[in-house]
Amino acid sequence: MEVDKGKGEAEETRKVAEADRDTVTLKSSDGKLFEVSKEAAARLSTVLAGMIAGGSIDDNGTDLKQIGSEALENVVDYCNKHANSIPSAALISSSISFNTAPFKEPEEWERKFVDRLSHDALFDLVEAANFLGMERLLDVTCHKISEMMKGKSPDQIREVFNIKNDYTKEELEEIRQELAWAFYDD
Amino acid sequence: MDGEKEAISFSWSVMESRRNTRVVATATSHGVLPLDVVFDVLVCLPAKDICRLRAICRPWRSLTSDPAFIKAHAARHPEPLIVAQRKRDLVHVMDLSGGVIKRVPIPRWQTLMCSHLGLICVGDCDTSRSYHDTSRSCYLIDPATKVSCRLDVNCFEDRLCTSYGDHDECLDPAFSLFALGRVDSTGVYKVLMVSCFTYAELNEDQQSYHVLTVNGAGGGTRWRSTASPEFLIGMDTMNRGVVLGGAVYYLADDSEFHTQALQTDNTPDLIALSTSRQSIGVLSRSLS
């Protein structure tokens, strides 16, 4: 009975929460549902903020067809962690006036958050952050990717970024000569 | 070594946000980051790495050469850069740790005079050189685009003529110094030219001062002569001056000869030449 009562209370709380709509439900391209705090979503994503303000949020799950479930899970995870972390002065100012604020180094938890991701997961997450207009997450993920590029040869970078070398041999030699100094460590 | 002395820092003035300057369209294909995400990634990297990455592929090259990208990159990396001349006909743009970011060719015989407002001012300060016959010259160079603009510095006579014994003698300046400044209130760019004349026979030095108002597109309009200060600036080609808040500061000539000639105790250490009012002020001995 006790357990049932507890469940009932939880049910009640959830209903209240839904009525107050303090969360939004997001649906990934493969149909999985994720719930995220409305406040955090609106604060961290310009796209979601626009959808919430414009009333185009679907209570049964707002379709985000461009984002796979793994990436969306990371997005939601990031939003929750962000909401739970004590926002530092740096983060508050960066979320308010990011466009003019200088870049803020990733915080420790943000660094850990992206460090644990696989290569593919990181690339999917950066695209999701870009799609959702999540400036801070985009910054943190882009920063991580840029760190991965350091000390890599052009060939290695092409491999990491899945880029086809569209220069001819002659053109490449020309560029290398033009930018020869950039290949030295002086 | 001399190049280090000549180094004057400047920062690229960029105010626009990277978001607002974004021009690259998204083109997604599987496993390849869209270019606007690549934009965000590359903007994190130091300038030297970016140049190296131009060899990756055409889209990356055009992306990193795009003025919008360059602006965003400068906004992200606001640390001042240093310009130094360590070789003939070349100046180096360096970051504060001394890493060379860019090599900018400069016209032959030119010496780095001043780097200010994101531009480099070079001039041929030594007109006494017998083995080359072109006269004085001054260029403004944009290190970002390597576009240079030659200022016409021979459009007027500033030969100095005096009566010497029973004849008049006219002298060309021994050397000229140039400095670039901006009038803060109007945003107009001005170049100051200090011509130094030496009368060996008279054991006397003179200087003349001219200010050129530079048009937006480059190229001068007209040099205007301006009053000479009571004190001479140091007659030294290494005394290139420092531009701060619309004024150029030069070390004053502190040679015994001048101090005696002026018969005064308050010979200044610094002479400030204002680019806006074209007035000259002196800072009295406050430096030790």
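- As annotated in an unreviewed UniProt entry, chain B carries the name F-box domain-containing protein and comes from Digitaria exilis.

- Chain A has the name SKP1-like protein in an unreviewed UniProt entry, where Digitaria exilis is given as its organism.
- Here chain A is described in UniProt, under the heading Function (unreviewed entry), as follows: "Involved in ubiquitination and subsequent proteasomal degradation of target proteins. Together with CUL1, RBX1 and a F-box protein, it forms a SCF E3 ubiquitin ligase complex. The functional specificity of this complex depends on the type of F-box protein. In the SCF complex, it serves as an adapter that links the F-box protein to CUL1."
- The Sequence similarities (unreviewed entry) comment attached to chain A in UniProt states, word for word, "Belongs to the SKP1 family."

## Description of the nonpolar core
Then comes step 1: Formed by 57 residues in total, the largest nonpolar core has its most connected members in V75(A), M134(A), M149(A), F161(A), L42(B) and W60(B).
Then comes step 2: For this core, the leading source of residues is helix α7 (residues 119-132) of chain A, giving eight residues.

## Focus: the sheet that holds strand β1 (residues 23-27) of chain A
Residues and elements named next belong to chain A.
Then comes step 1: Read from one edge to the other, the open sheet built from three strands follows the order β2-β1-β3, with strand pairing classed as mixed. Of all strands in the sheet, those with a lone pairing partner are β2 (33-37) and β3 (62-63), marking the two edges.
Then comes step 2: Pairing geometry for β1 and β3, over two bridges, is parallel. Considered in β3, the bridge of K27 is made with D63.
Then comes step 3: Of the strands in this sheet, β1 and β2 touch helix α4 (residues 69-84), which is tilted by about 20° from β2.

## Topic: the packing of helix α6 (residues 108-115) of chain A against helix α8 (residues 135-149) of chain A
Axis angle and axis distance: for two packed helices, these are the angle between their axes and the distance between the axes, and together they describe the pair.
Residue and element names in this part refer to chain A.
Then comes step 1: In the contact formed by α6 and α8, the axes pass within 10 Å of each other and the chain directions differ by 65°. Crossing of α6 against α8: the hand is right-handed. Across from E110, R111, F113, V114 and D115 in α6, the residues of α8 making contact are R136, L137, V140, T141, H143, K144 and E147.

## Details of the environment of A49(A)
Residue and element names in this part refer to chain A.
Then comes step 1: Examined against the element boundaries, A49 turns out to sit in helix α3 (residues 46-54).
Then comes step 2: The exposure class of A49 is partly exposed, given its relative accessible area of 24%.
Then comes step 3: Measuring from C-alpha to C-alpha, the distance between A49 and E39 comes to 8.8 Å, with ten residues separating the pair along the chain.
Then comes step 4: Residues in contact with A49, not counting those within four places in the same chain, are A41 and A42.

## Things to note about the environment of M51(A)
All names here are of chain A.
Then comes step 1: Mapped onto the secondary structure, M51 falls in helix α3.
Then comes step 2: Separated by eleven residues in the primary sequence, M51 and T62 place their C-alpha atoms 9.5 Å from one another.
Then comes step 3: The contact partners of M51, leaving out residues within four places of it in the chain, are S56, I57 and T62.

## Observations regarding the pairing of strand β2 (residues 81-87) of chain B
Then comes step 1: With five of seven residues buried, β2(B) lies mostly within the body of the structure.
Then comes step 2: Taking the residues between adjacent antiparallel strands as the criterion, β2(B) and strand β3 (residues 90-94) of chain B are bridged by two residues, where D89(B) takes a positive phi near 60°.

## Here we look at unusual backbone geometry
Then comes step 1: Residues other than glycine seldom take positive phi values, yet N162(A) does so here, at roughly 55°.
Then comes step 2: Inspection of the secondary structure puts N162(A) in the loop between α9 (154-160) and α10 (169-178).
Then comes step 3: The exposure class of N162(A) is partly exposed, given its relative accessible area of 44%.
Then comes step 4: Positive phi, close to 75°, is recorded for W109(B), a residue that is not glycine.
Then comes step 5: By secondary structure assignment, the location of W109(B) is in the loop between β4 (100-105) and β5 (111-116).

## A look at the pattern of salt bridges
Residue and element names in this part refer to chain A.
Then comes step 1: For the structure shown, the criterion picks out 14 salt bridges over all chains.
Then comes step 2: Among the salt bridges present, the one from E147 reaches R111, with a minimum N-O distance of 3.6 Å. A residue pair is termed long-range when its members are at least 10 positions apart, and E147 in helix α8 and R111 in helix α6 qualify at 36 residues.
Then comes step 3: Ionic pairing is found between K144 and D115, a salt bridge with its closest N-O pair at 3.0 Å.

## Some remarks on the pairing of strand β8 (residues 147-151) of chain B
Within a regular strand, the side chains alternate between the two sheet faces.
Residues and elements named next belong to chain B.
Then comes step 1: The pairing of strand β7 (residues 137-142) with β8 spans five bridges and is antiparallel. Of the residues in β8, the one forming a bridge with I141 is S148.
Then comes step 2: Hairpin connection, β7 to β8: the antiparallel pair is bridged by four residues, and K146 has positive phi, about 65°.

## Quick look at the packing of aromatic side chains
What characterises a pair of aromatic rings is the spacing of the ring centres plus the angle enclosed by the ring planes.
Then comes step 1: Applying the stated rule across the entire model yields five aromatic pairs over all chains.
Then comes step 2: Seen in terms of ring centroids, F161(A) and W60(B) are 5.2 Å apart; in terms of plane orientation they differ by 80°. Their pairing is edge-to-face. Residue F161(A) is found in the loop between α9 and α10, and its partner W60(B) is found in helix α4 (residues 58-65); the two belong to separate chains.
Then comes step 3: Judged by its relative accessible area of 3%, F161(A) falls in the buried class.
Then comes step 4: On the basis of relative accessibility, which here comes to 3%, the residue W60(B) falls in the buried class.
Then comes step 5: Taken together through their ring pairs, the aromatic side chains of Y78(A), W109(A) and F113(A) make up a single cluster.
Then comes step 6: A cation over a ring is seen here: R116(A) above F113(A), with NZ or CZ 4.7 Å from the ring centre.
Then comes step 7: Here R108(B) stacks its cationic end above the ring of W109(B), 4.9 Å away from the centre of that ring.

Cut-offs and rules
- Residues numbered from 1 in each chain as written.
- Chains lettered and ligands numbered in written order.
- Predicted model: local features only at pLDDT ≥ 70, side-chain atom pairs only at ≥ 80, totals over all residues.
- Heavy atoms only, no water.
- UniProt positions renumbered as here; feature names shortened; annotations may be inferred.
- Core = buried A, V, L, I, M, F, W, Y, C linked by side-chain atoms within 4.5 Å.
- Buried < 20%, exposed > 50% of the residue type's maximum accessible area, 1.4 Å probe, protein only.
- Helix = DSSP H or I, 4+ residues; strand = E, 2+ residues; numbered from the N terminus.
- Pairing = 2+ DSSP bridges.
- Contact = heavy atoms within 4.5 Å.
- Axes fitted to C-alpha atoms, helices over the stretch in contact; angles between N-to-C directions.
- Left-handed = near helix turned anticlockwise from the far one by under 90°.
- Salt bridge = Lys/Arg side-chain N within 4 Å of Asp/Glu carboxyl O.
- Phe/Tyr/Trp six-rings, centres within 6.5 Å; stacked < 30°, edge-to-face > 60°.
- Lys NZ or Arg CZ within 6 Å of the ring centre and 35° of its normal.

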